[in-house]
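Structural description and commentary
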Amino acid sequence: MYTQILVPTDGSETAEAAVDHALDLADQYGATVHALYVVDTDSMSLTLGGEQLDRIEQGQYGEMEEVREHADRATGYVTDRARERDLETVEHVSAGKPHSLIANYIEDNDIDLVVMGSHGRSGIRRALLGSVTERTLRSTHVPVLVVDVEND
Ligand code: ATP
Ligand code: MN
C-alpha cells in the first residue's frame, strides 16, 4: 500500500511526535522513509538580503551555517530513528516555501503517504492546523496522516 513515506519536519516536538507513526507504518509496509526540511526563505526575508536568500535556495549556506545545522538536526532525528529500525531512509533539505516544496517533493519522489504534525515551531494553537499542514493538504492528493501531540 505504502512504499515511499514522507515526513516533513521543522524539528518541533509535534513533528517529532509524527515520526513514530511514520516509522511504524514504514515497518509494516517495508517502505522507505523520506525526511524533508524546508528552510522557509519567506520567513527569513526580513533579516536576510536577496543575495543571501538566493544562495540558500541554491544550498550554499556559507556564514549561515547554523541554518543548515538546524535543518540537519531536524532531518537527522527522523533518519537516526529510522536506521535504528533498519528502515531505508532518504534525507533532504531544500529552501523556499515549505508547502510548495513539500508538494514538489511528493510529485518528484512518488511519495504515497505523508506523515506530519498538526502544528509546528510557531506553536500557536488558535488554528486547528498550522499553515504548512493546511497548505500541504490543499496542494496534494496523496493521503496525509496528521499527528497531534496532544492526542498522541
Ligand atoms: P504556522 O507556521 O502556520 O505559524 P505552526 O508552526 O504551528 O504554525 P506548521 O508550520 O504548519 O505549524 O507545522 C505543522 C507541521 O508541518 C510540522 O509538524 C511539520 O511536520 C511540518 N512543517 C512545518 N514547517 C516545515 C518546514 N519548514 N519544513 C518541513 N516541514 C515543515
Ligand atoms: Mn510553522
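As shown above, the structure is provided for reference.
Below, the structure is looked at part by part.

Conventions adopted
Residues numbered from 1 in each chain as written. Chains lettered and ligands numbered in written order. Predicted model: local features only at pLDDT ≥ 70, side-chain atom pairs only at ≥ 80, totals over all residues. Heavy atoms only, no water. Buried < 20%, exposed > 50% of the residue type's maximum accessible area, 1.4 Å probe, protein only. Helix = DSSP H or I, 4+ residues; strand = E, 2+ residues; numbered from the N terminus. Pairing = 2+ DSSP bridges. Right-handed = clockwise from strand over helix to strand, strands pointing away. Axes fitted to C-alpha atoms, helices over the stretch in contact; angles between N-to-C directions. Parallel < 35°, antiparallel > 145°, perpendicular 65-115°, else oblique. Left-handed = near helix turned anticlockwise from the far one by under 90°. Contact = heavy atoms within 4.5 Å. Expected span 1.5 Å × (residues − 1).

1. Quick look at the pairing of strand β2 (residues 32-40)
The buried count for β2 comes to 8 of 9 residues, which makes it a mostly enclosed element. Pairing of strand β1 (residues 4-8) with β2, which is carried by 5 bridges, proceeds in the parallel orientation. Paired with Q4 across the two strands is T32, which belongs to β2. What joins β1 to β2 is helix α1 (residues 13-29), and the crossover it makes is right-handed.

2. Some words on the packing of helix α5 (residues 98-108) against helix α6 (residues 131-139)
The interhelical angle for the contact between α5 and α6, taken along N-to-C directions, is 40 degrees, at an axis separation of 9 Å. Judged by the angle between their axes, α5 and α6 are oblique. Two packed elements cross with a definite hand, and for α5 against α6 that hand is right-handed. In this structure, α5 contributes P98, H99, I102 and A103 to the contact, and α6 contributes V132, R135, T136 and S139.

3. Topic: α1
Between the first and last C-alpha of α1 there are 25 Å, a value that for 17 residues agrees with the 24 Å anticipated at 1.5 Å per step. Restricting attention to buried positions, one finds in α1 the residues T14, A15, A17, A18, V19, A22, L23 and A26. Tucked inside the fold, the buried residues of α1 contact β1, β2, α4 (65-84), β4 (113-117) and β5 (144-147). Remark: G30 follows α1 within two positions and exhibits a positive phi of approximately 65 degrees.

4. Side note on the sheet that holds β5
Ordered by their spatial adjacency, 5 strands build an open sheet running β3-β2-β1-β4-β5, and the pairing between neighbours is parallel. Either end of the sheet is taken by a strand with one partner, and the two such strands are β3 (89-96) and β5. Neighbour-to-neighbour, the strand axes of the sheet open up by a mean angle of 20 degrees, direction not taken into account. Sheet topology note: the β2/β3 ladder contains 8 bridges and is parallel. Bridge pairing in β3 links V38 to S94. Contacts between α4 and the sheet are confined to β1, β2 and β3, with β3 contributing the most and set at about 155 degrees to the helix. Sheet strands touched by α5: β1, β2, β3 and β4. Its angle to β2, the strand with the most contacts, is close to 150 degrees.

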